[in-house]
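Below, each chain spelled out in residue letters.
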Amino acid sequence: MRPKVFLIAFFVFTKFGFAQVKSDYDKNVDFTQYKTYTFAGWQEDSDKILNDFDKKRIKEALKSEFASRGLSPVQSNGDATITLFIVVNQKTSTTAYTSFNGTYGYRGRWGWGTGPGMVTANTTYSENDYLEGTLVVDMYDSAGKNLIWQGIITAIVQTKPEKREKSIPKNIKKLMKKYPVKP
């Protein structure tokens, strides 16, 4: 990939909150039969890395998306059980930009021409640290205790709270597009 294209791609992903979504589900399950769900909490206490505001943003976004698909939350004994797991990793991206400088000079044995003379190149490298978060949403059939759907989203964590307030619901919406029942 040429340096300018890489820089543009990096800018687009970091500026606009690149998110990668994966999903898998049991093809033999009729998801329209599920009308209620119980939130069973965070696996392995992974929510300790989140503040209370972000936990609420995630749960409210999921609640809204499940509601648009006909599911209602209940305190216990839901048709389905939802668990969440989150991990945040420190990442570093490296970018390189090469600039070329050239002069016109002597070309060939017949005199001056329009070809390049001396050409120099200068490559500048920069490293940027950022946080990458991965959220896993598991849905289990409460009666059979079987995993029936799993959604995974990986995105760059926004450092400003006002950006997270917008990006969390937006990313949950992207994730739920992979859920077997459409809104």
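Residues numbered from 1 in each chain as written. Predicted model: local features only at pLDDT ≥ 70, side-chain atom pairs only at ≥ 80, totals over all residues. Heavy atoms only, no water.

Trainee: Help me understand the pattern of salt bridges, please; the structure alone is not making it clear to me.
Mentor: One side chain can pair with another of opposite charge once the charged atoms of both are near each other. All told, the structure shown has 9 salt bridges when counted by the stated rule. Its salt-bridge partner being Arg69, residue Glu65 comes within 2.8 Å of it at the nearest N-O pair. Here Glu65 falls in the buried class, since its relative accessible area comes to 9%. A relative accessible area of 9% places Arg69 in the buried class. Between Glu132 and Lys91 there is a salt bridge; the shortest N-O distance is 3.7 Å. Separated by 41 residues along the polypeptide, Glu132 in strand 5 (residues 112-141) and Lys91 in strand 4 (residues 80-106) bring together distant segments of the chain. Lys91 sits in the partly exposed class, given a relative accessible area of 32%. What you see here is one network of salt bridges that share partners, running through Asp47, Asp52 and Lys55. (Salt bridge = Lys/Arg side-chain N within 4 Å of Asp/Glu carboxyl O. Buried < 20%, exposed > 50% of the residue type's maximum accessible area, 1.4 Å probe, protein only. Helix = DSSP H or I, 4+ residues; strand = E, 2+ residues; numbered from the N terminus.)

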